[in-house]
Amino acid sequence: MKHLLKLADWSTEEIYEALDLADRLKYEKKKGIPHRLLEGKTLGMIFEKSSTRTRVSFEVGIHDLGGYGLFLSSRDLQIGRGEPVEDTARVLSRYLDGIMIRTFAQKEVEDLAEYGGIPIINGLTDYCHPCQVMADLQTVREHKGDLNGKKLCFIGDGNNMANSLIVGGIKTGMSVSVACPTSNRPDAEIMKWAEKTGRFVCTDNILEAAAGADALYTDVWASMGQEEEAAERRKIFTGYQINAEVMAAANPGAMVMHCLPAHRGEEITSEVFEAHAGEIFDEAENRLHAQKAVMVLCMKN
Ligand code: CP
Ligand code: NVA
């Protein structure tokens, strides 16, 4: 059974297969060519955190594919009142053909896969955000023509986005640099794995990380679940921002990426955000196409 629990579980070939399919589905959607590849299939979408892009793109995506999506908020599910995930998994597997889940602990996603008998897709945990990075890779390839040999630089918190970007970037042949405070580095195991390829650096020097980058990426300083730490985090991350100085260190024509939602004036200046809004909203659009590809690859018979 094929799941997308984290990008590390997918080979380079599997990731490229998803990117190629995402490109095809995007083309077909623009041309109005139907692609009902999951006719009659049902996808449960469990949300234990807020969402705009993930929720809407999965719901529209499963509809485009000829299936049906059920939005399941943990505020309403028994899981929110403590029903064990292993029981929820075994029940939902009897009704559905696949589950997308957004939650806190990566273990919950792994447990759903272990106890359920249907494909599980990770729609963000505190550890990673693989669907976002599928869309990100599709967007870099669209704008830069290729991923292999390109340099991706992430600036900010060593969070779920940083973790998935390192894995996705390295697996597709990019070099990846991360600029973050030493107190907030990405996952140690992921960094160890990436360092072995010789195509990864993590530094607290923003301009050094940005030097020669083809794509600059950032994300919020306080993620979902960290709202109470926001003031403290603002102090820790001051300066870890994509601004004109950072743009000048990158390759001429470097693109700017943000998974959104964005906090202008914190991780990115309003000027840089608006100058690169075309790329950032292409990236948001590609959530739809990339996730349709992921659903097809996981849920087709
Ligand atoms: N980027 C992203 O996952 O957005 P949402 O939180 O709105 O789903
Ligand atoms: N790091 C952010 C990503 C949002 C898409 C969060 O987890 O809130």
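See the structure shown above.
Every value quoted in this text rests on a predicted model; they were computed, and no experiment measured them.

## Considering the site of ligand 2
Stage number 1. Looking at ligand 2, the residues that line it are Leu124, His129, Asn159, Asn160, Asp219, Val220, Ser223, Met224 and Leu260.
Stage number 2. Here a nitrogen atom of ligand 2 sits 3.4 Å away from a polar atom, N or O, in the side chain of Asn159.
Stage number 3. Separating a nitrogen atom of ligand 2 from a side-chain N or O atom of Ser223 is a distance of 2.7 Å.
Stage number 4. For ligand 2, the accessible surface in isolation is 270 Å², of which the surrounding protein chains cover 94%.
Stage number 5. Here the shell around ligand 2 is composed, by residue class, of 4 nonpolar, 4 polar and 1 charged.

## Considerations on the sheet that holds strand E9 (residues 255–258)
Stage number 1. Pairing within the open sheet is parallel, and its 5 strands lie in the order E7-E6-E5-E8-E9. In this open sheet, the two edge strands, each paired with only one partner strand, are strand E7 (200–203) and E9. On average, each strand axis in the sheet is inclined to that of its neighbour by 20 degrees, with strand direction left out of account.
Stage number 2. Bridge count for strand E8 (residues 215–218) against E9 is 4 bridges, and the pairing is parallel. When the sheet's bridge partners are listed, Ala215 is paired in E9 with Met255.
Stage number 3. Where helix H12 (residues 277–299) meets the sheet, its contacts fall on E8 and E9, and the angle it forms with E9 comes to roughly 45 degrees.

Analysis parameters
- Residues numbered from 1 in each chain as written.
- Chains lettered and ligands numbered in written order.
- Predicted model: local features only at pLDDT ≥ 70, side-chain atom pairs only at ≥ 80, totals over all residues.
- Heavy atoms only, no water.
- Near = heavy atom within 4 Å.
- Polar contact = N/O pair within 3.5 Å; in protein donor to acceptor, adjacent residues only side chain to side chain.
- Areas by Shrake-Rupley, 256 points an atom, 1.4 Å probe, with all protein chains shown as cover.
- Nonpolar A, V, L, I, M, F, W, Y, C, P; charged D, E, K, R; others polar.
- Pairing = 2+ DSSP bridges.
- Helix = DSSP H or I, 4+ residues; strand = E, 2+ residues; numbered from the N terminus.
- Axes fitted to C-alpha atoms, helices over the stretch in contact; angles between N-to-C directions.
- Contact = heavy atoms within 4.5 Å.

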